[in-house]
Amino acid sequence: MQQNISIKNRKATFEYELVERFIAGMKLLGTEIKSIRNGRVNLKDSYCQFFRGELYARNMHIAEYELGTCNNHIAKRDRKLLLNKKELQKLEKKTKESGFTIVPTKLFVNDKGLAKLEIALARGKKTYDKRESLKAKDAKRDIDRMMKH
């Protein structure tokens with residue numbers, strides 16, 4: 001009875017221009033993976049930051065597990081991301097350049113039952129770019145409505 005868990009960060013695609021994507025493993029506690037399997041995750045205001053050469057996901061909210069005891073996790077703690085050394089060096093080099101940041105775009109559970117985080121190297125959009133995105137989205141919705149009827 002395998003269910004597909006996939007939580008997306010829709011705000012990231014609206015706020016940022018996504019340049020390159022990576023898949024990272026996460027170092028989690030037992031109650032955190034249980035909450036993820038229940039779908040109780042919010043990626044809305046989360047971001048990634050380097051600390052002592054390691055990449056951490058910050059401000060990602062994983063709700064406390066309902067059936068957890070006193071050993072339950074903290075909801076907004078920093079979680080270490082697991083990437084190859086070359087990928088970490090590439091991301092750190094790019095973020096030192098002006099205008100680039102790393103944002104989580106999607107959290108999913110793979111076939112083996114491991115939680116993976118899709119992160120993207122991103123550049124912030126200007127307000128006129130956001131308006132263009134909204135116009136394109138509205139036009140696509142109108143076309144889909146016309147095709148349906």
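Asker: Explanation requested: the pairing of strand β2 (residues 16–26) in the structure shown.
Answerer: One face of the sheet, then the other: side chains in a regular strand alternate in exactly this way. When β2 meets strand β9 (residues 115–124), the two strands line up antiparallel, connected through nine bridges. Across the sheet, the residue bridging to Leu-18 is Ala-122, located in β9. The pairing of β2 with strand β7 (residues 79–82) spans two bridges and is antiparallel. Its bridge partner being in β7, Met-26 is matched across the sheet by Leu-81.

Asker: Any chance you could explain the side chain of Asn-110 here in plain terms?
Answerer: On the secondary structure map, Asn-110 appears in the loop between β8 (100–109) and β9. Here the side chain of Asn-110 touches Lys-112 through a polar contact of 3.2 Å, landing on its backbone nitrogen. Reaching out from Asn-110, the side chain makes a polar contact with the backbone nitrogen of Leu-114 at a distance of 2.8 Å.

Asker: Would you explain helix α2 (residues 30–37) in this entry?
Answerer: Residues that lie three or four places apart on an α-helix share one face, since the helix turns once every 3.6 residues. Residues of α2 that are buried: Thr-31, Glu-32, Ile-33, Ser-35 and Ile-36. Next to the buried residues of α2 lie β3 (41–42), β6 (61–62), β7, β8 and β9. After α2 finishes, the residue Gly-39 shows a positive phi value of roughly 80 degrees.

Asker: Mind showing me how you'd approach the environment of Leu-81 here?
Answerer: Mapped onto the fold, Leu-81 is located in strand β7. Classification of Leu-81 by relative accessible area gives buried; the value is 2%.

Asker: Teacher, can you tell me more about the pattern of salt bridges here?
Answerer: Oppositely charged side chains may form a pair once their charged atoms are brought near each other. Counted by the stated rule, this structure contains twelve salt bridges. In this structure, Asp-138 and Arg-141 form a salt bridge, with 3.3 Å as the shortest nitrogen-oxygen distance. On the criterion of helical spacing, the pair formed by Asp-138 and Arg-141 is a turn pair, its members being three residues apart in helix α4 (residues 127–148). You can call Arg-141 partly exposed: its relative accessible area is 38%. For the salt bridge of Asp-142 with Arg-145, the shortest nitrogen-to-oxygen distance reads 3.7 Å. Taken together, the residues Asp-142 and Arg-145, both in helix α4 and three residues apart, mark about one turn of the helix. Connected through salt bridges with shared partners, the residues Glu-32, Arg-77 and Arg-79 form a single ionic network.

Asker: Any chance you could explain the packing of aromatic side chains here in plain terms?
Answerer: Describing an aromatic ring pair means giving the distance of the ring centres and the angle of the ring planes. Evaluation of the coordinates by the stated rule reveals one aromatic pair. Ring centres of Phe-51 and Tyr-56 lie 6.4 Å apart, and the angle between their planes is 65 degrees; on these two criteria the pair is classed as edge-to-face. Sitting over the ring of Phe-108, Lys-106 keeps its end group 5.5 Å from the ring centre.

What counts as what
- For every chain, the first residue of the written sequence is number 1, and numbering continues from 1 along that sequence.
- Given that the model is predicted, a residue must reach a pLDDT of at least 70 before its local features are reported, and side-chain atom pairs must reach 80 or more before they are shown or counted; all residues, however, enter totals for whole chains, interfaces and linings.
- Side-chain numbers come from the whole structure's heavy atoms, not from hydrogens or water.
- Here a strand pair is declared whenever DSSP counts at least two bridges between the two strands.
- Strands here mean DSSP runs of E at least two residues long; helices mean DSSP runs of H or I at least four residues long; both are numbered from the N terminus.
- Side-chain atoms alone can form a polar contact between residues adjacent in sequence; in general such a contact is a pair of N or O atoms within 3.5 Å, and within protein one must be able to donate a hydrogen while the other accepts it.
- Relative accessibility under 20% of the residue-type maximum defines a buried residue, over 50% an exposed one, and the middle range a partly exposed one, all with a 1.4 Å probe and only protein chains included.
- What makes two residues a contact is simply this: any of their non-hydrogen atoms within 4.5 Å.
- Each reported salt bridge corresponds to a side-chain nitrogen of Lys or Arg within 4 Å of a carboxyl oxygen of Asp or Glu.
- Here a Phe, Tyr or Trp ring, Trp counted by its six-membered ring, pairs with any other such ring whose centre lies within 6.5 Å, and the pair is stacked when the planes are under 30 degrees apart, edge-to-face when over 60, and tilted otherwise.
- Placement of a positive charge over a ring is assigned whenever Lys NZ or Arg CZ falls within 6 Å of the ring centre and within 35 degrees of the normal to the ring plane.

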